[in-house]
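# Examination of the molecular architecture
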Amino acid sequence: MIKSESFVSVVTVIHGHLEEVYEPLRKLSLTLDESYSDYEIVVVVPGVNSTHAKIEDRILKDINCVRIILLSTPVYHDVALAAGLENAIGDFVVLWNPAADPVEIVPQIVEQCRAGSDIVIGVTNKVRSLRY
């Protein structure tokens, strides 16, 4: 398969422990590496302390093209996404939620943008409760 020359940035916000997203980030990196010659994964972690140093080192060592942005204080999710967007350098930027979005969707979203769409919004087909 020929890799695309487009630079793709994937931005994700992690509110919990980084250990919980190690495997999804690894799968994302493998998927991006198959599809693109240049890519980055921007992980924004709002309001953490230094207790995550071991897992941060593991992620940075084992997963290609990852940048971890540690915000000094807890912030709302949209503020953390804005910080990730501000630091993303790709031609295409995908906002990705490892808890809800499949890894395989990222190349599909980028292809829709390459075909002319400025913004692609994903909608789940999972039924939510009325309360949601």
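Residues numbered from 1 in each chain as written. Predicted model: local features only at pLDDT ≥ 70, side-chain atom pairs only at ≥ 80, totals over all residues. Heavy atoms only, no water.

## Some thoughts on the state of the cysteines
- Scanning all chains against the criterion turns up zero disulfides.
- Distance from the sulfur of Cys113, which forms no disulfide, to the nearest cysteine sulfur (Cys65) is 20 Å. (Disulfide = S-S within 2.5 Å.)

## Focus: the side chain of Ser29
- The topology assignment puts Ser29 in helix α1 (residues 22–35).
- A polar atom in the side chain of Ser29 sits 3.4 Å from the side chain of Tyr39.
- When sequence neighbours within four positions are dropped, the list of residues in contact with Ser29 reads Tyr39, Ile41, Ile63 and Asn64. (Helix = DSSP H or I, 4+ residues; strand = E, 2+ residues; numbered from the N terminus. Polar contact = N/O pair within 3.5 Å; in protein donor to acceptor, adjacent residues only side chain to side chain. Contact = heavy atoms within 4.5 Å.)

## Points about the pairing of strand β1 (residues 4–13)
- Most of β1 sits inside the fold, with eight of its 10 residues counted as buried.
- Where β1 meets strand β2 (residues 36–46), eight bridges bridge the pair, whose relative direction is parallel. The residue of β2 that forms the bridge with Ser9 is Glu40.
- The parallel pair β1 and β2, bridged by α1, forms a crossover whose chirality is right-handed.
- Bridge count between β1 and strand β4 (residues 92–95): four bridges; the pairing is parallel. (Buried < 20%, exposed > 50% of the residue type's maximum accessible area, 1.4 Å probe, protein only. Pairing = 2+ DSSP bridges. Right-handed = clockwise from strand over helix to strand, strands pointing away.)

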